[in-house]
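What follows is each chain in one-letter form.
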Amino acid sequence: MAAASNLQSEDQFLCSICLDVFTDPVSTPCGHNFCKNCITEYWNTSDRCQCPMCKEAFTIRPYLKVNTFISEMVVQFRQSAQQKTSSSSSEQQVSKPGEVPCDVCTGTKLKALKSCLVCLASYCETHLEPHLTMSGLKRHQLIDPVENLEDRMCTKHDKPLELFCKTDQTCICMHCPVLDHKTHEFVPLKEEYEGKKAELGKTEVQIQQMIQKRQLKIQEIKHSVDLSEEDADREIAEGLQVFTALKESVERGLANLINTIKEKQKTTEKQAEAFIKELEQEISELTKRRAEVEQLSRSEDQLHLLQSVQSLKAAPPTKDWTEVSVRPSTYEGTVVKAVAQLEETLSKEIKKLLEDELKRVQQYAVDVTLDPDTAHPELILSDDGKQVNHGDVWKNLPDNPERFSYYVCVLGKQSFSSGRFYFEVQVKEKIKWTLGVARESINRKGDLTLRPEDGYWTICLRNGNEYKAATSTRVSLSLKSQPQKVGVFVDYEEGLVSFYDVDAAALIYSFTGCCFTEKLFPHFHPCNNDGGKNSAPLIISPVNQAE
């Protein structure tokens, strides 16, 4: 009860015109109290002099004096309220930058808890209390604290914006529909708020889904980068291994070449040394005999000379050196042989690399089947869509836009607009064929030019042994053996189309630096039957991904 009486006394100190604590309170003859300035302005702007509360009219404007009793009570009330505010402010939060401050607080501004759309003011916990307890203020509309409350008032009618005009898509007050929006469609602000909030909820969900998709795409891209990094590391490791082996092979070859040449040179030197030693031995013997002959020839004793000549040693045996010679070692073919051995080693390494490369591209094998809606009317397709050959008989088929009508071609059902894919085709026993990929927008009705500029990336066989890459200048291909099965690999982003001899694990040809902007389809051209010489079908074969 004490709390109730206290609240009642607080209610009595509020002016019913300004809804604030009395300032210079005065009493009218009817017994109601107002701020002196409030009642004076009220009477100045009114045609009649009457009490704002009970509507009692006064013939003569009353002379108003400040009610000293109420004024003293107001002073006490203000002091009590200030003490209460001071004690509670320590418990309440002081307004921080970005937060809405209380409009009533003097000095340190406390954080506002609510804003009033009628009073156009924001209140902290203490100053909000009258709006929660006084009957007149309870009817005011409170919202979460916001700044710039004047923006929530109709600038034309000075009333709260409580309606939403759907026609003009703007917020209006209660007077606007009567005066300015008579024929417009409008709804309560809350109803439009709930509708927009629901739409924003859906939009938020959509945006979140878009964010999630993009986050997944980021993960996908990062995963691709990781895979690319793994591929790069593997290629570097393999390249390092191969080039290290080649370097070692070159070094061994050079060492063997040098040893071979040196051995030949040593052999020549040994032969020369033997000849020289033998010649020097003969020279020594001949020198001794020459000295004996010279000594004897100088003798003046006739008898002694004749007797000594008889006993003179016979000349030592000597070799006829006329035909003897030391020929320089011949090194012709030594370097060529060493290079040939190196070439053989290099060929083995290249073959091993190609085998590894083929195994890697075979990991991107896809299941390709022939599309009958694109097949030329003279082509015969197997029921499983894996074989095609020329049948010489024109079938009555719908001339749909996808169908080839000039060349006996057919496309695969599957299309590819990203990533990598690989398939194999058996070309055994055929003397003519064309294989590869084609873009979606190729000409299918008239004469075809099989070149990249017109949307074809293919290789072909003609006359049983003439292999060519279908470029603008028709590049002739020199193959060691005739492929029985051809593998086709495409890296869409890299702009690469490669063809392999599957059995020989050899690269036939590669189109590089291609720019793909459309869907790509596997392309098959078995060529004409040629009187049965080229009757064998093109067969899409399962890929054997050997370990």
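Up top you'll find the structure we're talking about.
Since we're looking at a predicted model, the values are computed, not measured.

What counts, and where the lines are drawn
- Along each chain, numbering runs from 1 in the same order as the chain's sequence is written.
- pLDDT decides what is reported in this predicted model: residues at 70 or higher carry local features, side-chain atom pairs at 80 or more are listed and counted, and totals for whole chains, interfaces and linings draw on all residues regardless.
- Heavy atoms from the whole structure form the basis of all side-chain values; hydrogens and water molecules are not counted.
- The way it works is that DSSP assigns letters per residue, a run of H or I at least four long becomes a helix, a run of E at least two long becomes a strand, and they are numbered from the N terminus.
- A 1.4 Å probe rolled over the protein chains alone gives each residue an accessible area, and that area as a share of the maximum for its type sets the label: buried under 20%, exposed over 50%, partly exposed in between.
- Any pair of residues with heavy atoms lying within 4.5 Å of one another is described as a contacting pair.
- Surface exposure here means Shrake-Rupley accessible area, sampled with a 1.4 Å probe, where a residue is shielded only by the protein chains that are shown.
- Two rings from Phe, Tyr or Trp (for Trp, the six-membered ring) form a pair when their centres sit within 6.5 Å of each other. Planes less than 30 degrees apart are called stacked, planes more than 60 degrees apart edge-to-face, and all others tilted.
- Geometrically, a charge over a ring is one whose NZ (Lys) or CZ (Arg) sits within 6 Å of the ring centre while staying within 35 degrees of the ring normal.
- What qualifies as a polar contact is a pair of N or O atoms within 3.5 Å, subject to a donor-acceptor requirement within protein and to the restriction that residues adjacent in sequence count only when both atoms come from side chains.
- Two strands qualify as a pair provided DSSP detects at least 2 bridges between them.
- Only the stretch in contact is used when a helix axis is fitted, and all axes are lines through C-alpha atoms; the angle between N-to-C directions ranges over 0 to 180 degrees.
- Note on terminology: angles under 35 degrees are roughly parallel, angles over 145 are roughly antiparallel, angles of 65 to 115 are roughly perpendicular, and the others are oblique.
- Two helices that cross are described as forming a left-handed crossing if the nearer one is turned anticlockwise from the farther one by less than a right angle, and a right-handed crossing if clockwise.
- Classes in brief: Ala, Val, Leu, Ile, Met, Phe, Trp, Tyr, Cys and Pro nonpolar; Asp, Glu, Lys and Arg charged; the others, Gly included, polar.
- Our working definition of a disulfide is a cysteine sulfur pair at a distance within 2.5 Å.
- Surface patches are drawn from residues lacking salt bridges whose relative accessible area is over 30%; two like charges belong together within 9 Å, two nonpolar side chains (Val, Leu, Ile, Met, Phe, Trp, Tyr) within 5 Å.
- By salt bridge we mean one thing: a side-chain nitrogen of Lys or Arg within 4 Å of a carboxyl oxygen of Asp or Glu.
- Charge convention: Lys and Arg are scored as positive, Asp and Glu as negative, and His as well as the terminal groups of each chain are ignored.
- For charged residues, the charge sits on one atom: NZ in Lys, CZ in Arg, CG in Asp, CD in Glu.

Asks: Hey, could you run me through the overall build of the chain in this one?
Replies: Looking only at helices and strands, the chain has 9 helices and 21 strands in total. Dimensions of the chain along its principal axes, counting C-alpha atoms only, are 200 × 90 × 40 Å. Here the chain, with 547 residues, has 32% of them falling under the buried criterion. Taking contacts inside the chain between residues at least 6 apart in sequence as the whole, the part at least 24 apart equals 57%. For the chain, the exposed area adds up to about 35,000 Å²; of that, 52% sits on carbon and sulfur atoms.

Asks: Please explain the packing of aromatic side chains as it appears in this structure.
Replies: One pair of aromatic rings is described through two measures. These are the centre distance and the angle between the planes. Taken as a whole and judged by the stated rule, the model has 11 aromatic pairs. Here the aromatic rings of Tyr 509 and Phe 511 are separated by 5.1 Å at their centres, their planes lie at 80°, and the arrangement is edge-to-face. Every member of this aromatic cluster is reached through a ring pair, and the members are Trp 457, Tyr 492 and Phe 516. Cation over ring: Lys 319 sits above Trp 321, and NZ or CZ is 4.8 Å from the ring centre.

Asks: Explain helix α8 (residues 302-311) to me, please; I cannot follow it from the model alone.
Replies: Among the 10 residues that make up α8, 1 are buried, leaving the element largely open to the surroundings. Put simply, Asp 301 is the residue that caps the front of α8, since its side-chain oxygen is 3.2 Å from the backbone nitrogen of Leu 303.

Asks: Please clarify how the pairing of strand β18 (residues 496-501) should be interpreted in this entry.
Replies: Look at any regular strand and the pattern is simple: side chains alternate between the two faces of the sheet. Across the 6 residues of β18, 5 count as buried, placing the element largely inside the fold. Bridge analysis of strand β17 (residues 485-491) against β18 gives 6 bridges, and the strand direction is antiparallel. Among the inter-strand pairings, Asp 491 is bridged to a residue of β18, identified as Leu 496. Here β17 folds back onto β18 in antiparallel fashion, the turn holding 4 residues, of which Gly 495 has a positive phi close to 70°. Pairing between β18 and strand β19 (residues 506-511): 5 bridges, direction antiparallel. Counted as the bridge partner of Asp 501 is Ala 506 from β19. Between β18 and β19, which pair antiparallel one after the other, the connecting turn spans 4 residues, and Ala 505 there sits at a positive phi close to 50°.

Asks: Please explain the packing of helix α7 (residues 189-297) against helix α9 (residues 334-362) as it appears in this structure.
Replies: Two packed helices can be described by the angle between their axes and the distance between those axes. Interhelical geometry of α7 versus α9 gives an angle of 165° and a closest axis separation of 9 Å. Here α7 lies roughly antiparallel to α9, going by the angle between them. You can see that α7 and α9 cross each other, and the crossing is right-handed. When α7 is examined against α9, the residues Arg 234, Glu 235, Glu 238, Val 242, Ala 245, Leu 246, Ser 249, Val 250, Leu 257, Thr 260, Ile 261 and Lys 264 are found in contact with a partner set consisting of Thr 334, Val 335, Ala 338, Leu 342, Thr 345, Leu 346, Glu 349, Leu 353 and Arg 360. Residue composition of the contact of α7 with α9, by class: 11 nonpolar, 4 polar and 6 charged.

Asks: For this particular structure, what's the right way to read the state of the cysteines?
Replies: What is meant by a disulfide is a covalent connection between two cysteines, made through their sulfur atoms. Taken as a whole and judged by the stated rule, the model has 0 disulfides. Cysteine Cys 30 shares no disulfide, and the gap to the nearest cysteine sulfur, in Cys 51, comes to 3.4 Å. Residue Cys 30 is classed as partly exposed on the basis of its relative accessible area of 22%. There is no disulfide at Cys 176, and the cysteine sulfur nearest it, in Cys 173, is 3.5 Å away.

Asks: Could you clarify how one ought to interpret the sheet that holds strand β7 (residues 170-172) in this entry?
Replies: Judged by pairing direction, the sheet is antiparallel, and its 3 strands sit side by side in the order β7-β6-β8 without closing on themselves. The open sheet has two free edges, formed respectively by β7 and β8 (186-188), since each of these has just one partner strand. Here the strands of the sheet are splayed against their neighbours by 35° on average, with no regard to which way each runs. Pairing analysis gives 3 bridges linking strand β6 (residues 163-165) to β8, with the strands arranged antiparallel.

Asks: Can you walk me through a negative patch on the surface in this structure?
Replies: On the surface, a cluster of negative charge is made up of Asp 226, Glu 229, Glu 230 and Asp 233. A relative accessible area of 41% places Asp 226 in the partly exposed class.

Asks: Any chance you could explain the environment of Asp 180 here in plain terms?
Replies: Here Asp 180 is to be found in the loop between α6 (176-179) and β8. Of the residues examined, Asp 180 reaches a relative accessible area of 34% and is grouped as partly exposed. Once residues lying within four places of it in the same chain are set aside, the contact partners of Asp 180 are Lys 156 and His 157.

Asks: I'm lost on the pairing of strand β10 (residues 387-390) in this one. Help?
Replies: Strand direction decides the pairing type here: strand β9 (residues 379-381) and β10, joined by 3 bridges, are antiparallel. Note on β10: the bridge partner recorded for Ile 380 is Asn 389. The antiparallel pairing of β9 with β10 creates a hairpin that spans 5 residues between the two strands, and Gly 385 there sits at a positive phi of about 70°. With 2 bridges connecting them, β10 and strand β21 (residues 538-541) associate as antiparallel partners. Directly across from Val 388, in β21, lies its bridge partner Leu 538.

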